[in-house]
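Each chain, letter by letter, is given below.
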Amino acid sequence: MPEISTAYQPGEVEEKWYARWVESGCFHGDEASEKDAFSIVIPPPNVTGILHLGHVLNNTIQDVLARRARMQGKAVLWLPGTDHAGIATQTKVEQKLRKEEGKTRRDLGREAFLKEVWTWKEKHGGIIIQQLKRLGCSCDWDRERFTMDEDYSRWISHIFVELFREGLIYRGKRMVNWCPASLTALSDEEVIMKPQKSKLYYMRYEIEGVKGKYVEIATTRPETLMGDTAVAVNPNDPRYAKYLGKNVWRPFPRAKIPIIADEHIDPEFGTGVLKVTPAHDKADFDIGQRHGLEIIDVLHPDGTLNDLAGEEFSGLDRFVAREKAAEKLEEMGLLVKVEDYENSVGFSERADVPIEPRLSMQWFLRYPAVKEATDAVANGEIRFRPERWSKTYLHWMENIQDWCISRQLWWGHRIPVWYRKEKAEALQAAESPEAEGAGQDLHVSIDPPEDPENWVQDGDVLDTWFSSWLWPFATMTPPEGEASATLKKFYPTSDLVTGPDIIFFWVARMIMAGYRFQGELPFRNVFFTSIIRDKQGRKLAKQLGNSPDPLDLMADYGADGLRFGMMRIAPIGQDIRFDVKQIEEGRNFANKLWNAARYRQMQGEASATAEPGSLSLYALDILGKLSALEENLERAYGDYRFNEVAQLLYEFFWSQYCDWFLESAKRDFGADADPAARAATLATMDAVLKRFLMLLHPYMPHISEELWAQLEFGAEGQFLMQTPIPADPPVPGLDPAGMSAAAEKVAAIYEAVRKTRNLKAEYGLAANKNVTFILDPSVDWFAPEAGVFAQLAGAEKVELSPGYEAEKGVPAALTDVGRLYMPLEGLIDVEAERQRLSKELEKAQSELTKVAKKLQNENFVTRAPDEIIAEHRDRQKSWKSRVEELGRMIENLAGM
């Protein structure tokens with residue numbers, strides 16, 4: 001048996017075993033296997049992304065599920081891959097070009113720019129994949145996919161063409177969310193509403209023909225007034241009824257615009273008068289459509305003002321123009337006042353800049369299979385955990401809007417639509433033709449036209465999420481021909497682990513795509529991970545300096561330490577408060593396991609297997625607790641309570657096995673120990689360690705695999721990760737009644753030990769091994785266990801003395817095995833101890849007085865929150881108990 005080293009070196013162990021697993025094909029999902037299938041697809045990270053703690057949590061959970069399924073005897077496919085991340089990747093390459101060459105993508109042209117992006121992808125792409133491997137992720141790397149792979153790209157085109165021919169994809173000029181930084185349209189789901197401290201500008205528009213009469217308007221956006229084509233009031237607002245049908249003068253550029261009535265105007269907001277700017281507000285656009293108003297767009301795509309805004313505003317940034325417009329209104333005597341105003345403003349999720357409502361020609365999708373996707377969650381065919389997210393999902397499905405799927409980018413899946421060259425300009429400016437009536441001037445196909453020189457392809461690309469919504473099945477099979485063996489074996493997938501922030505972007509859309517293109521749900525369970533925050537409750541972010549690098553954490557604490565530490569603090573449905581001390585605890589747990597295994601190895605080989613009749617009370621007890629652990633783990637896994645699984649593993653091994661069982665067993669390894677008892681204890685240790693390593697493996701795969709090999713628990717060449725967990729107990733044939741009786745006795749012994757330890761600590765004797773305890777027993781089975789009891793209590797011996805009558809002042813404790821006495825003669829300096837206890841009593845009385853006064857203060861009791869009052873009452877109770885206890889201890893000393 002190779003010797004286990006003194007210190008655990010996680011880096012060496014983790015690198016060694018991951019390489020062996022990969023070399024041996026341990027992660028391969030065998031589509032030809034007759035075993036039950038388990039499959040999961042990785043939420044594809046951005047191809048140029050790097051690992052953060054959110055990835056660590058998400059992918060550790062997936063790895064736990066995959067590794068556990070393998071050990072349940074299933075054929076497992078965990079399919080990895082990366083996303084091309086249209087906006088994010090293109091933005092990075094454009095920034096590089098501007099910094100290094102002073103050029104824009106348009107200076108290079110589309111083809112040359114895309115070559116730059118592919119070069120960037122090849123250089124920086126895949127870093128996160130290597131980082132996931134460092135974490136120990138057991139993905140089938142031979143099946144790694146990229147959303148711009150050829151087969152995957154054909155899937156995207158195939159789906160577009162099919163949906164276009166069904167009339168579900170159409171092209172139209174609509175009001176969309178526009179990102180002035182990325183210069184592209186965004187879907188509603190890509191817009192994040194943020195509270196802002198804005199200004200509300202009150203301005204006056206003069207009524208035509210009524211000198212000195214004005215309507216007062218409140219707006220947050222005076223920079224768009226140049227695009228106003230009406231002012232609107234509620235028809236039921238008596239303040240303005242007399243002005244309906246009249247005109248007002250728009251201040252600049254000066255023009256007459258009508259006063260109109262529209263029921264959508266809120267009389268309670270501002271002054272009850274709305275400036276209508278159809279080109280720059282969705283609600284205004286709808287009003288403009290109802291009333292046939294002119295549309296004047298005063299903004300360039302990049303958020304600067306154009307010539308229609310007037311010469312003095314042309315070229316100004318929108319926010320600079322806002323200040324200038326307010327200044328000009330004030331100069332004209334038309335600015336009434338400016339107030340602070342809190343409102344919510346939509347920001348681009350990627351660029352983090354305020355979006356602009358913009359009228360633009362875009363491609364849209366009417367979602368397919370909406371009813372099936374809604375019913376699947378409503379009826380429980382697809383389970384969300386936590387359950388509350390199903391309500392969020394169903395609300396969105398009930399109010400679903402058409403999806404703007406086109407993006408004004410170059411990096412991505414180009415829309416598979418070609419226009420005949422001589423008619424391209426007219427066709428691109430027109431609404432989408434009917435699918436059947438496209439005629440000879442429109443080519444919508446997976447493949448380009450045979451005579452490409454006569455055609456112009458649509459310049460837009462598809463939203464990145466339009467590729468991601470096909471991920472569960474498009475990663476497993478090509479779009480044409482018979483379904484692959486992989487798809488037949490592993491689809492639908494079993495679980496999905498993701499963040500709730502993409503429940504609409506990705507989860508809902510994948511469910512619809514699954515029903516529409518595969519005729520069934522794409523997965524059965526969805527687990528939503530928690531948001532990771534720092535100790536102050538802030539989200540982790542680089543700019544806050546509170547987001548540690550997972551690679552640094554793995555270097556310091558090991559991948560297994562990081563995994564285990566993260567999983568212990570990830571309660572289902574609650575945010576995580578991250579503290580590096582929790583990762584330290586993960587490392588400490590690994591060290592504890594290492595040292596326990598090393599201690600076992602130092603005792604030599606077991607000469608026999610554990611036989612039921614030869615086992616001690618403590619062996620029967622730990623085996624019973626191991627069985628209970630397996631049952632509790634099964635329930636926790638069934639409810640996806642991953643943090644509970646980690647805590648159960650931690651408590652069993654650290655407390656029940658190491659702190660209690662191993663300490664109770666040390667007498668069996670002494671020089672004069674009974675050989676039979678030694679053999680039985682070693683066999684028990686082997687049985688427990690072997691099964692525990694199996695149970696721990698999904699959470700801490702590297703160290704469990706190493707110790708499995710070091711302790712020679714498996715057959716030659718057999719990996720722990722491929723070893724099914726047996727259905728039988730570690731030691732078969734044990735009598736349940738006997739195990740229950742042993743557990744009761746051991747519980748009584750352990751509880752009595754705790755009380756003896758407390759007695760020793762109270763008198764400053766915690767480290768003293770010369771203490772003798774006298775037990776007046778209340779049970780008839782204790783005598784054989786007295787030696788173990790003394791070992792656990794840290795005492796020289798325990799004397800049994802039925803009916804013992806102690807002298808006055810001898811400390812005692814009532815336990816389930818009898819009354820324990822601790823004679824103090826020769827152990828303490830009585831006077832010094834009396835002085836120590838008196839000082840402690842004085843302090844306790846002072847604290848009790850403080851809290852009592854607080855609770856007698858009527859102002860405090862009536863004004864403080866209930867939880868604070870309850871805390872003070874608990875403190876009062878605790879200090880009162882301590883005062884009484886110290887009084888008794890001092891009284892006991894008086895008799896000595």
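Fair warning: this is a prediction, and the values are worked out from it, not measured in the lab. (Residues numbered from 1 in each chain as written. Predicted model: local features only at pLDDT ≥ 70, side-chain atom pairs only at ≥ 80, totals over all residues. Heavy atoms only, no water.)

Enquirer: Can you lay out the nonpolar core for me, pointing to particular residues and giving the numbers?
Expert: One finds Met566, Phe642, Phe653, Tyr657 and Tyr699 to be the most contacted residues of the largest nonpolar core, which totals 139 residues. Ranked by the residues each element gives to this core, the list is headed by helix α21 (residues 642-665), at 13 residues. Ignoring anything within four residues of it in the chain, the contact list for Tyr657 reads Ile622, Phe652, Leu662, Met685, Val688 and Leu689. Of all hydrophobic cores here, the second largest spans 65 residues; its members include Ile159, Val444, Leu470 and Leu496. (Core = buried A, V, L, I, M, F, W, Y, C linked by side-chain atoms within 4.5 Å. Buried < 20%, exposed > 50% of the residue type's maximum accessible area, 1.4 Å probe, protein only. Helix = DSSP H or I, 4+ residues; strand = E, 2+ residues; numbered from the N terminus. Contact = heavy atoms within 4.5 Å.)

Enquirer: Which residues make up the sheet that holds strand β20 (residues 455-457), and what values do they have?
Expert: The strands making up a sheet are joined through hydrogen bonds of the backbone, oriented either antiparallel or parallel. The 3 strands are arranged β19-β18-β20 in an open sheet whose pairing can be described as antiparallel. Two strands lie at the open edges of the sheet, namely β19 (442-444) and β20, each paired on one side alone. Strand-to-strand twist across the sheet, computed as the mean angle between neighbouring axes with direction ignored, equals 25°. Of the strand pairs in this sheet, strand β18 (residues 417-420) and β20 are connected by 3 bridges, and their pairing is antiparallel. Note on β20: the bridge partner recorded for Trp418 is Gln457. Relative to β19, helix α7 (residues 150-165) is tilted by about 125°, and along the sheet it contacts β18 and β19. (Pairing = 2+ DSSP bridges. Axes fitted to C-alpha atoms, helices over the stretch in contact; angles between N-to-C directions.)

Enquirer: If you had to explain the environment of Asn379 to someone new, which residues and values would you point to?
Expert: Looking at the secondary structure, you find Asn379 in the loop between α10 (370-378) and β15 (383-385). Taking the C-alpha atoms as reference points, Asn379 and Trp17, separated by 362 residues in sequence, lie 43 Å from one another.

Enquirer: Help me get a handle on the pattern of salt bridges, residues and values and all.
Expert: What the rule picks out here adds up to 53 salt bridges. Note that Asp441 is salt-bridged to Lys423, the shortest N-O span being 3.1 Å. Here the residue Asp441 occupies a position in the loop between α12 (424-429) and β19, and Lys423 occupies one in the loop between β18 and α12, the gap between them amounting to 18 residues. For Lys423, a relative accessible area of 40% translates into the label partly exposed. As a salt-bridge pair, Arg691 and Glu630 come within 3.0 Å of each other at their nearest N and O atoms. Here Glu630 lies in helix α20 (residues 617-638) and Arg691 lies in helix α22 (residues 675-696), a separation of 61 residues in the sequence. For the pair formed by Arg691 and Glu630, the shared burial category is buried. Here the salt bridges do not stand alone but share partners, grouping Arg221, Glu223, Arg318, Arg322 and Glu356 into one network. (Salt bridge = Lys/Arg side-chain N within 4 Å of Asp/Glu carboxyl O.)

Enquirer: Can you tell me about the environment of Thr392, naming the residues and giving the values?
Expert: Structurally, the position occupied by Thr392 is in helix α11 (residues 389-398). Taking the C-alpha atoms as reference, Thr392 lies 26 Å from Tyr491; in sequence the two are 99 residues apart.

Enquirer: Please set out unusual backbone geometry residue by residue, giving values where relevant.
Expert: Following Arg385, the chain continues to Pro386 via a peptide bond in cis, the omega torsion being 0°. Mapped onto the elements of the fold, Pro386 is located in the loop between β15 and α11. Geometrically, the link from Tyr491 to Pro492 is a cis peptide bond, its omega value of 0° lying close to zero. As for its placement among the helices and strands, Pro492 is situated in the loop between α15 (485-490) and β22 (493-498). Its identity as a non-glycine residue notwithstanding, Asp352 has a phi of 60°, on the positive side. Examined against the element boundaries, Asp352 turns out to sit in the loop between β13 (335-348) and β14 (356-365). Positive phi, close to 55°, is recorded for Ala369, a residue that is not glycine. The residue Ala369 is located in the loop between β14 and α10 in this model. With relative accessibility at 15%, the residue Ala369 sits in the buried group.

Enquirer: Summarise the pairing of strand β11 (residues 255-261); cite the residues concerned and give the values.
Expert: Where a strand is regular, its side chains alternate between the two sheet faces. Relative to β11, strand β9 (residues 230-233) runs parallel, the two being bridged by 3 bridges. Paired with Val233 across the strands is Ala261, a residue of β11. Pairing geometry for strand β10 (residues 247-250) and β11, over 4 bridges, is antiparallel. The partner of Trp249 across the bridge, within β11, is Lys256. What sits between the antiparallel neighbours β10 and β11 is a turn of 4 residues.

Enquirer: Run through the sheet that holds strand β29 (residues 818-821), naming residues and quoting values.
Expert: Strand order in the open sheet formed by 4 strands is β27-β26-β29-β28, with mixed pairing between adjacent strands. Whereas interior strands pair on both sides, the edge strands pair on one side only; in this sheet they are β27 (797-800) and β28 (812-815). Recorded for the sheet is a direction-independent mean angle of 25° between the axes of neighbouring strands. The pairing of strand β26 (residues 772-777) with β29 spans 4 bridges and is antiparallel. Bridge pairing in β29 places Asp776 opposite Arg819. Lying on the sheet, helix α24 (residues 736-762) is in contact with β26, β28 and β29; it crosses β28 at an angle near 165°. Each of β27 and β29 is contacted by helix α25 (residues 786-793), which is oriented at about 135° to β27, the strand it contacts most.

That's the geometry; what it means functionally is another story.
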